[in-house]
Amino acid sequence: KQTSDSSSSSSPSFFIRPALMVDMGPASKILADGFFKSNTNFFMYQFERLQTYLSLESSFPQPYSKHEIFVACCAQRGTIWGMVEVDARLDKTGPGSIMDTRNIGKDGPYMCNLAVDDKCQRQGIAT
């Protein structure tokens, strides 16, 4: 998906693509900035950023899984401006699982870890 703001020629365009492992560094910084930068001290921020990176790396989507991380990138430079995780894995079975028809509408696909670099907010990236 490629978008640009037609009302202003100064708004750079961006595109959305599935993340690569190499994107986890910038993505974890954006995520840590969004959730921890303003409410932690320098040392705790570094710890949370490392923990975020390791979490993203360890849960990086496998081929053909129904779990994906998407990144929003600047069309001109390719730098990462935002990220989101979408998880639609249906790997649980039995009572209480997504596959159990009694749970239709209670569980299912979800989106998490949506964050946009603070310098790139208010451009429609998260919409």
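Residues numbered from 1 in each chain as written. Predicted model: local features only at pLDDT ≥ 70, side-chain atom pairs only at ≥ 80, totals over all residues. Heavy atoms only, no water.

Account for unusual backbone geometry, with residues named and values stated.
The phi dihedral of Asn-113 is positive, around 55 degrees, even though this residue is not glycine. Note that Asn-113 resides in strand E5 (residues 110-116). On the basis of relative accessible area, Asn-113 is assigned to the partly exposed category, the value being 27%. (Helix = DSSP H or I, 4+ residues; strand = E, 2+ residues; numbered from the N terminus. Buried < 20%, exposed > 50% of the residue type's maximum accessible area, 1.4 Å probe, protein only.)

Describe the pairing of strand E3 (residues 67-74), naming the residues involved and giving the relevant values.
Within E3, six of the eight residues are buried, leaving the element largely enclosed by the surrounding structure. Where strand E2 (residues 14-18) meets E3, five bridges bridge the pair, whose relative direction is antiparallel. Across the sheet, the residue bridging to Pro-18 is Phe-70, located in E3. Two elements, E3 and strand E4 (residues 80-87), share seven bridges in a ladder whose sense is antiparallel. Bridging across to E4, Glu-68 finds its partner in Val-86. (Pairing = 2+ DSSP bridges.)

With reference to specific residues and values, describe helix H1 (residues 24-36).
With 13 residues, H1 ought to run about 18 Å at 1.5 Å a step, and its terminal C-alpha atoms sit 17 Å apart, in line with that. For H1, the set of buried residues is Met-24, Ala-27, Ser-28, Ile-30, Leu-31, Ala-32 and Asp-33. Summarising the contacts, the buried residues of H1 are in contact with helix H2 (42-58), E3, E4 and E5. (Expected span 1.5 Å × (residues − 1). Contact = heavy atoms within 4.5 Å.)

Report on the packing of aromatic side chains, specifying residues and quantitative values.
This structure, assessed with the given rule, holds one aromatic pair. Aromatic pair Phe-42 and Phe-43: ring centres 5.4 Å apart, planes at 80 degrees, arrangement edge-to-face. We note that Phe-42, like Phe-43, is exposed. (Phe/Tyr/Trp six-rings, centres within 6.5 Å; stacked < 30°, edge-to-face > 60°.)

Tell me about the pattern of salt bridges, and please be specific about residues and values.
Taken as a whole and assessed by the stated rule, the structure comprises three salt bridges. When the shortest N-O distance is used, the salt bridge between Asp-23 and Arg-17 registers 2.7 Å. Assessed through its relative accessible area of 6%, Asp-23 is described here as buried. Assessed through its relative accessible area of 22%, Arg-17 is described here as partly exposed. In this structure, the salt-bridge partner of Asp-33 is Lys-29, at a minimum N-O distance of 2.6 Å. Highlighted residues: Asp-33 and Lys-29, both in helix H1, separated by four residues, approximately one helical turn. (Salt bridge = Lys/Arg side-chain N within 4 Å of Asp/Glu carboxyl O.)

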